[in-house]
Amino acid sequence: MATVPESVKEIATYPDGLASRLQDSHGRTITDLRVSITDRCNYKCVYCRTGNVGAQYAELSTADYLRLIRAFVSLGIEKVRLTGGEPLLRRDLTEIVQELAGWRTPAGEKLDLAITTNGHLLESLAQPLKTAGLTRLTVSMDAVDESTFERVTRIPGSYANVLGGIRAAQSAGFTRVKINCVLLRGFNDDQVEAFAHFARRENLVVRFIEFMPLDEDRRWTPEMVVSLREIVARISAILPLAPLAPNTVSETARRYGFSDTPGVGEVGIIAPVTQAFCGACSRIRLTSDGKIRTCLFSNFEHDLHRQMREGASDSDLRQFILRAVEQKEARHHIGEPDFLKPSRSMVHIGG
Ligand code: SAM
């Protein structure tokens, strides 16, 4: 039998008789938690923020996040993604990662630990995060052309910083760094082909995400969305795309490699607008102020941190999470007449 190091902390199986799997009322098992650890962000990406308002929601202490995350992990969460706001702005980020990396799920497995970042501060943090036990890194990058990139972020010098951050992540040993790119018609949609070449040249995984109605400005229109179908057609016209199997059943991206450079570079398209994947959703979110969102487009939040402030026991927190997950929405309604834009935009939810 393998010896378990001292530092490893098993998540206790609680004697409260509650289920140790999170199952919603539509038969989906929830295994993936996204936690926003700050509402602050140092970029003002045009498709995300107005550029005029800053953080709007509180952030919690490290101990509070860890206690809440622990309750989720005890209920079968296997993947934890730290996000924001901009998670690299949290001074205690490496400590949070180090603590989570020492945990084991009730099944005795390590957590799959990921961060989504804009990469601005990554150059100096990539190695400490790797050493702390981070498994995966996703960096948002919405253009490979410097001037377009800086028109998106509205921060001078951002391009060099992000590129430096990506290279530092690769040197630190993150082998499959993912790049998230949101395309806006008429703004950066001319970057599609260049991104495909970039994925091959740098051996990166580029994920195009269809623009969703989650912008602070509320300027989203269906015409601004660059669809999966168009992206695949445009890349296929210049490079030999070869479909790849999904990594998991709840994989959100349609994946493609290049048949002339097998194993080098990958592109994927996440198409929540034109080809929704709600039926396979395994995700739940915790906002920076400790509220559970069962869907990006929820119109209702479950205030888990309030339970904690009011003295809830670990069992009470687990019960609260189970009830919230039961109420997870069947699907979103983007593009339908009854669609209601959610009260929080992406930056304040945690993507
Ligand atoms: N600051 C970090 C970053 O830039 O990656 C983490 C937070 S950011 C809100 C998380 C992801 O959400 C980014 O990849 C961003 O591109 C994406 N995003 C933001 N607004 C979006 C929208 N309206 N539609 C689709 N994706 C969006």
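Everything below is about the structure shown above.
Residues numbered from 1 in each chain as written. Predicted model: local features only at pLDDT ≥ 70, side-chain atom pairs only at ≥ 80, totals over all residues.

1. Thoughts on the overall build of the protein
Inference 1: If you tally the helices and strands in the protein, you get 10 helices and 16 strands.
Inference 2: Taken over the C-alpha trace, the protein has a radius of gyration of 20 Å; the compact-globule value for 351 residues is 20 Å, and the two agree within 12%.
Inference 3: For the protein, the C-alpha atoms occupy an extent of roughly 60 × 50 × 40 Å along the three principal directions.
Inference 4: Buried residues in the protein amount to 45% of all 351 residues.
Inference 5: Taking contacts inside the protein between residues at least 6 apart in sequence as the whole, the part at least 24 apart equals 75%. (Helix = DSSP H or I, 4+ residues; strand = E, 2+ residues; numbered from the N terminus. Rg over C-alpha atoms; globule rule 2.2 N^0.38 Å. Buried ≥ 20, exposed ≤ 12 C-beta atoms within 10 Å, placed from the backbone. Contact = placed C-beta atoms within 7 Å.)

2. Side note on the site of the ligand
Inference 1: Around the ligand sit 20 residues in total, of which Asn118, Ser140, Asn180, Met346 and Gly351 are the nearest.
Inference 2: Taken together, the residues of the shell around the ligand sort by class into 10 nonpolar, eight polar and two charged. (Near = placed C-beta within 6 Å. Nonpolar A, V, L, I, M, F, W, Y, C, P; charged D, E, K, R; others polar.)

3. Description of unusual backbone geometry
Inference 1: A positive phi is found at Asn203, a non-glycine position, where the angle reads about 50°.
Inference 2: Tracing the backbone through its elements, the reader meets Asn203 in the loop between helix 6 (192-202) and strand 10 (205-209).
Inference 3: Of the residues examined, Asn203 has 15 C-beta atoms within 10 Å and is grouped as partly exposed.
Inference 4: Unusually for a residue other than glycine, Arg218 sits at a positive phi of about 60°.
Inference 5: Relative to the helices and strands, Arg218 is located in the loop between strand 10 and helix 7 (228-236).
Inference 6: Here Arg218 falls in the exposed class, since 10 other C-beta atoms lie within 10 Å of it.

4. Details of the sheet that holds strand 9 (residues 178-182)
Inference 1: Pairing is mixed in the open sheet, where 12 strands are placed in the order 11-12-13-10-9-8-7-5-4-14-15-16. One side of each edge strand has no neighbouring strand; the edge strands of this open sheet are strand 11 (241-244) and strand 16 (302-303).
Inference 2: Here five bridges tie strand 10 to strand 13 (residues 266-270), and the two strands are oriented parallel to one another. Considered in strand 13, the bridge of Phe208 is made with Ile269.
Inference 3: Here helix 7 sits on the sheet and contacts strand 10, strand 11, strand 12 (253-258) and strand 13; the angle it forms with strand 13, its principal contact strand, is near 160°. (Pairing = 2+ DSSP bridges. Axes fitted to C-alpha atoms, helices over the stretch in contact; angles between N-to-C directions.)

5. A closer look at the pairing of strand 13
Inference 1: Most of strand 13 is tucked away, with four of its five residues classed as buried.
Inference 2: Strand direction decides the pairing type here: strand 12 and strand 13, joined by four bridges, are antiparallel. What sits directly across from Tyr256, in strand 13, is Val267.

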